[in-house]
Amino acid sequence: RRVHGGSITVAVLCVCFAMSRCSLDGRLFVYSRDPRLVAFDSDPTQENVVIFIGGLGDSLLALDYLAPLSMALRAERWAVIQVFLSSSHVGFGRRTLDDDVRELDSLVDYLFSERRVRPQLLGLMGHSTGCQDSVWYMKASRHQFDINFVILQAPVSDRDYLATLPDNQKWIDEAQQMVARHHKDHLMPVHAFWAPITAHRYLSLASRLQQDDMFSDDLTDEELTTVLGHMEVPCLILWSGRDEYVPDTVDGKSLAIRLANTMKHARVHLLTAANHSVSDVTDATEMTEEIVGFLCRIQVEAALGQQQY
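Along every chain, residues carry numbers that run from 1 in the direction the sequence is written. Local features in a predicted model are, by the rule used here, given only for residues with pLDDT of at least 70; side-chain atom pairs are given and counted only at 80 or more, and totals for whole chains, interfaces and linings are based on all residues. Water and hydrogen atoms play no part in the side-chain values, which are based on all heavy atoms of the structure.

Asks: It is not clear to me how the packing of helix H2 (residues 66–75) against helix H10 (residues 281–304) should be interpreted in this structure. Could you clarify?
Replies: Two quantities define a packed helix pair, namely the angle between the helix axes and the distance between the axes. Orientation is described by lines fitted to C-alpha atoms, with helices fitted over the stretch in contact, and by angles between N-to-C directions that extend from 0 to 180 degrees. To qualify as a helix, a DSSP run of H or I must reach at least 4 residues; to qualify as a strand, a run of E must reach at least 2; elements of each kind are numbered from the N terminus. Contact pair H2 / H10: the axes reach a minimum separation of 10 Å and the direction vectors enclose 35°. In this structure, H2 meets H10 at a crossing whose hand is right-handed. Residues Leu-69, Ala-72 and Leu-73 of H2 form the contact with H10, whose participating residues are Thr-288, Ile-291, Val-292 and Leu-295. In the contact of H2 with H10, the residues fall into six nonpolar, one polar and no charged. Here a crossing is taken to be left-handed if its near helix is turned anticlockwise relative to the far helix by less than a right angle, and right-handed if that turn runs clockwise. Throughout, a contact is declared for two residues whenever any of their heavy atoms are within 4.5 Å. Each residue is assigned to one class: nonpolar for Ala, Val, Leu, Ile, Met, Phe, Trp, Tyr, Cys and Pro, charged for Asp, Glu, Lys and Arg, and polar for all the others, Gly among them.

Take a look at the structure:
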């Protein structure tokens, strides 16, 4: 099953992708009763856990690679827990990163107190805007010191992408006017965004150095340090070389390296041909192998009681 270096064979990965692109066995559970929120645990018997946080508009099994990745990691004695937040699906426009952190804290409370097997190694994997959640969690949560690692898949800038849209500045001006009138929690006009969104959240996504602005190309090294410098756990950045949400004017590889250099123990893996969601099987297989290798190193370091990542 294993090859040297701790990664599973390509043959096993191909079986995972062939069997499980659209379905996954596991346990659905309620981790918060007010509001009532659920999460899906791919294997409650495993003591090593990855919490997966999706991006804008995502829900459970939102990405093609999630079920095969969960299946492959189960073979390596890891569980993937997909979390449904109040901001999931189209709820993000009425929520903030602080809201997400509070709900993720509730999930971790549940995992430590009520899950069948208490996690021994626990980490976060964010996709897209879920990367912002992961970074903010490591700064603002009650359980930040219980997190052993972070994986950032497609940590791209919402601001950089929105700046390519023709009416973006118009909607920024509108949102700023709404905030000035003390209407920051009112919804923007229907044509401003593809989902209902408040003036406050629109500005967070679209304006410079607002809460969601963590990965923009024009941030200086000093600004990146302010945003990312607290990231001291091992971090794997999975950057897609053909991400459709990265403007052509941005050198994605160089930006990813800058992000990694701002953190204490981070490295970049470039998925040269991958799109934002890593929807191609070949790219997703490469990504899964990289994640498995990363998690194997985390396990070894934990067993040795040291961090050499």
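From this point, the narrative continues.
Asks: What should I look at first to understand the sheet that holds strand S6 (residues 149–153) in this one?
Replies: Picture the strands of a sheet paired through backbone hydrogen bonds; they go either parallel or antiparallel. Read from one edge to the other, the open sheet built from eight strands follows the order S1-S2-S4-S3-S5-S6-S7-S8, with strand pairing classed as mixed. In this open sheet, the two strands that pair with only one neighbour each are strand S1 (27–33) and strand S8 (265–271). Between one strand and the next, the sheet's axes are offset by a mean angle of 20°, whatever the strand orientation. In this fold helix H3 (residues 97–113) packs onto S1, strand S2 (36–41), strand S3 (48–53), strand S4 (79–83) and strand S5 (121–127), with an angle of close to 120° to the strand it touches most, S1. Pairs of strands are assigned from DSSP output, requiring at least two bridges between the strands.

Asks: What am I meant to see in the packing of H3 against helix H4 (residues 129–140) here?
Replies: Running from N to C, H3 and H4 point in directions that differ by 75°, and their axes come no closer than 9 Å. Between H3 and H4, the angle is such that the two are roughly perpendicular. Between H3 and H4, the residues in contact are Leu-97, Asp-98, Asp-100, Val-101, Leu-104, Asp-105 and Val-108 and Gln-132, Asp-133, Trp-136, Tyr-137 and Ala-140, respectively. Of the residues that constitute the contact of H3 with H4, the class distribution is seven nonpolar, one polar and four charged. What sets the label is the angle itself: under 35 degrees gives roughly parallel, over 145 gives roughly antiparallel, 65 to 115 gives roughly perpendicular, and the rest give oblique.

Asks: So what exactly am I meant to see when it comes to empty space enclosed by the protein here?
Replies: Empty space among the atoms can be located by rolling a probe the size of a water molecule over them. A pocket, in this scheme, is an open set of points on a 1 Å grid over the protein atoms alone with protein on both sides within 12 Å along at least 5 of 7 lines, while a cavity is a set where a 1.4 Å probe fits but cannot get out; residues line either one if an atom lies within 4 Å of a point. Grid points are joined across faces, edges and corners, and a volume is the space filled by probe spheres set on the points. Evaluated as defined, the whole model comprises two cavities of 30 Å³ or more. The wall of the largest cavity is formed by 19 residues, among which Ile-53, Gly-54, Gly-55, Leu-85 and Ser-88 lie closest to the centre. The set of elements that each furnish at least two residues to the lining of the largest cavity consists of S3, S4 and H4. Of the residues contributing to the lining of the largest cavity, the split by class is eight nonpolar, seven polar and four charged. Roughly 30 Å³ of volume is contained in the second largest cavity. Every residue lining the second largest cavity is listed: Val-156, Ser-157, Asp-160, Phe-215, Trp-239, Tyr-245, Val-246, Pro-247, Val-250 and Leu-255. Counted by class, the lining of the second largest cavity contains eight nonpolar, one polar and one charged residues.

Asks: I'm lost on the pattern of salt bridges in this one. Help?
Replies: One side chain can pair with another of opposite charge once the charged atoms of both are near each other. Salt bridges are defined as contacts in which a side-chain nitrogen from Lys or Arg sits within 4 Å of a carboxyl oxygen from Asp or Glu. Throughout the structure, instances matching the rule amount to 12 salt bridges. The salt bridge involving Asp-185 is made with Lys-184; its shortest N-O contact spans 3.5 Å. Only protein chains enter the accessibility calculation, which uses a 1.4 Å probe. A residue is then buried if its area is under 20% of the maximum for its type, exposed if over 50%, and partly exposed in between. A residue is classified by how much of its surface remains accessible, and Lys-184, at 38% relative accessible area, is partly exposed. The residue Asp-218 makes a salt bridge to Arg-208 at a minimum N-O spacing of 3.5 Å. With Asp-218 in the loop between helix H7 (199–206) and helix H8 (221–228) and Arg-208 in the loop between H7 and H8, this residue pair connects regions lying 10 residues apart in the sequence. In this structure Asp-218 comes out as partly exposed when scored by relative accessible area, which is 38%. The network of salt bridges with shared partners includes Arg-159, Arg-208, Asp-213, Asp-218 and Glu-223.

Asks: Before we go on, may I ask you to explain the nonpolar core in this structure?
Replies: Nonpolar side chains tend to gather and get buried jointly when the protein is soluble and globular. Each nonpolar core is a collection of buried residues, namely Ala, Val, Leu, Ile, Met, Phe, Trp, Tyr and Cys, held together in the definition by side-chain atoms within 4.5 Å. If you look at the biggest cluster of nonpolar residues, it comprises 48 residues, and the most contacted ones within it are Tyr-31, Ile-51 and Leu-107. No other element matches H3, which puts eight residues into this core. In this structure Tyr-31 touches Leu-37, Val-38, Ala-39, Val-83, Phe-84, Leu-85, Glu-103, Ser-106, Leu-107 and Tyr-110, once residues within four positions along its chain are discounted. Leu-69, Leu-271, Val-278 and Phe-294 belong to the second largest nonpolar core, which has 26 residues in total.

Asks: In this structure, what is going on with the state of the cysteines? I would like to understand it.
Replies: A covalent bond bridging the sulfur atoms of two cysteines is what the word disulfide describes. Sulfur atoms of two cysteines make up a disulfide when they are within 2.5 Å. For the structure on display, the rule yields zero disulfides. We note that Cys-131 lacks a disulfide partner, and the nearest cysteine sulfur, in Cys-235, lies 8.5 Å from it. Assessed through its relative accessible area of 0%, Cys-131 is described here as buried.

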